[in-house]
Amino acid sequence: MFVAIESERRQRWTVKADTLTAGSGHAVDDAVNDAVRAAITCLVENREVDLDA
């Protein structure tokens, strides 16, 4: 599964996931959620994104 955090405009961030390659019945593991949360935390700490993004 592919997960991306991208900037669409200067002040707007989007998290996207492509689950088509995961197959039917696939559940997203807690590790994926943890990785996305860690990436967002890093962006916030580096002041690249606001908490309310």
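The following paragraphs examine the structure supplied in this document.

**Remarks on the overall build of the chain**
Each helix and strand counted, the chain has 1 helix and 2 strands in total. Start at the N end of the chain and walk to the C end: the helices and strands fall as β-β-α. Considering the chain as a whole, with its 53 residues, one finds that 9% of them fall into the buried category. When contacts within the chain are restricted to residue pairs at least 6 apart in sequence, long-range pairs at least 24 apart make up 32% of them. Carbon and sulfur atoms make up 49% of the accessible area of the chain, which amounts to about 4,600 Å² in all.

**Overview of a nonpolar patch on the surface**
Taken together, the side chains of Val3, Val15 and Ile40 present a nonpolar region at the surface, about 200 Å² in accessible area. Along the chain, the position of Val3 falls in strand 1 (residues 2–9).

How each quantity is defined
- Residues numbered from 1 in each chain as written.
- Predicted model: local features only at pLDDT ≥ 70, side-chain atom pairs only at ≥ 80, totals over all residues.
- Heavy atoms only, no water.
- Helix = DSSP H or I, 4+ residues; strand = E, 2+ residues; numbered from the N terminus.
- Buried < 20%, exposed > 50% of the residue type's maximum accessible area, 1.4 Å probe, protein only.
- Contact = heavy atoms within 4.5 Å.
- Areas by Shrake-Rupley, 256 points an atom, 1.4 Å probe, with all protein chains shown as cover.
- Patch = residues over 30% accessible without salt bridge, like charges linked within 9 Å, V, L, I, M, F, W, Y side chains within 5 Å.
- Salt bridge = Lys/Arg side-chain N within 4 Å of Asp/Glu carboxyl O.

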